[in-house]
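Descriptive analysis of the structure
Below are the chains, spelled out letter by letter.
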Amino acid sequence: MSDNQITIVITTYKSQVKINKCLASINKKYKVIIIENSNNKSFKDKIEDDFPNVECILSEQNLGYAKGNNLGLSKVKTLYALIINPDTILHENTIKKFLYRANKIKDFAIIAPAIQDEKNLPNNLTEFTEVNSVKGFAMFLNISQFKDISFFDENFFIYLEEIDLCKRLRINNKKIYVDPDILIEHQGGSSHDEIYNFEM
């Protein structure tokens, strides 16, 4: 499957420190759209200078996670989108494995990776499995499956938006999978820099 079939979407809020590690783990042949939930032009300029595959869009106000992701997804022109948090790190073959699985399972809505942190997947989940919901830190979306239900409900500012999305997908008989062969490291609960904890 062609490398130009996927766009990576990352919604950030003053995540200057964490986002660099995330972007460094992504092969520069893949397009990345960052929605920065502030009006920090110096952040945009530096990111786009350091990473030529990245387009950084400043929202000018804090849209929240759901609305920020929706803005990013509205710019996607590819068949698939990978939504990740800025505190994630991809393994070398992560994207290739997503694309391989997408080529095998045509009618999926979301494929999620195994979680490489303290919130690891159940020990008995050792094979590609259909599930009712997945964690929101990394979701590989089949864009065509969302045309009739849209993406995230923007009434959710932050947290629970992926639970609502998965619930709507299941109500509409869309398929959600976890693939334990796909690995993404996730720090968990630290998508923004620590100095902004109180503000969040």
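Quick caveat, the model's predicted, so the values are computed rather than measured.

So, on to the confidence of the model for the chain. With 82% of its residues at a pLDDT of 70 or more, the chain has an overall mean of 84. When the criterion is pLDDT under 50, residues 195–200 qualifies, and its contacts beyond four places in sequence or with other chains add up to seven contacts.

Looking now at the nonpolar core. Membership of the largest hydrophobic core comes to 33 residues, with the highest contact counts inside it found for Ile10, Leu23, Ile26, Ile34, Ile84 and Phe140. No other element matches the four residues that helix α4 (residues 94–104) contributes to this core. If we ignore the near neighbours within four places in the chain, the residues touching Ile84 are Ile8, Val9, Ile10, Thr11, Cys22, Ile26, Leu90, Phe137, Ala138 and Ile184. Listed in part, the 25 residues of the second largest apolar core include Ile83, Leu141, Cys166 and Leu169.

Taken as a whole, this structure holds nine salt bridges when the rule is applied. Put simply, Glu55 and Lys31 hold a salt bridge, and the shortest N to O gap is 3.3 Å. Here the residue Glu55 occupies a position in strand β3 (residues 54–58), and Lys31 occupies one in strand β2 (residues 31–36), the gap between them amounting to 24 residues. Looking at Glu55, the relative accessible area reads 31%, which means it is partly exposed. In this structure, Asp45 and Lys41 form a salt bridge, with 3.0 Å as the shortest nitrogen-oxygen distance. Residue Asp45 and its partner Lys41 are located together in helix α2 (residues 41–50), separated by four residues, close to a single helical turn.

This brings us to the pairing of strand β8 (residues 138–142). A large share of β8 lies buried, amounting to five of its five residues. Because side chains alternate across β8, one face comprises the buried residues Ala138, Phe140 and Asn142, and the other comprises Met139 and Leu141, equally buried.

Turning to the environment of Asn142, a few remarks are in order. Locating Asn142 in the fold gives a position in strand β8. With a relative accessible area of 6%, Asn142 lands in the buried category. With 31 residues separating them along the chain, Asn142 and Ile111 place their C-alpha atoms 8.5 Å apart. In this structure the side chain of Asn142 is engaged in a polar contact, spanning 2.9 Å, whose partner is the backbone oxygen of Phe108.

Cut-offs used in this document
Residues numbered from 1 in each chain as written. Predicted model: local features only at pLDDT ≥ 70, side-chain atom pairs only at ≥ 80, totals over all residues. Heavy atoms only, no water. pLDDT = per-residue confidence, 0-100. Contact = heavy atoms within 4.5 Å. Core = buried A, V, L, I, M, F, W, Y, C linked by side-chain atoms within 4.5 Å. Buried < 20%, exposed > 50% of the residue type's maximum accessible area, 1.4 Å probe, protein only. Helix = DSSP H or I, 4+ residues; strand = E, 2+ residues; numbered from the N terminus. Salt bridge = Lys/Arg side-chain N within 4 Å of Asp/Glu carboxyl O. Polar contact = N/O pair within 3.5 Å; in protein donor to acceptor, adjacent residues only side chain to side chain.

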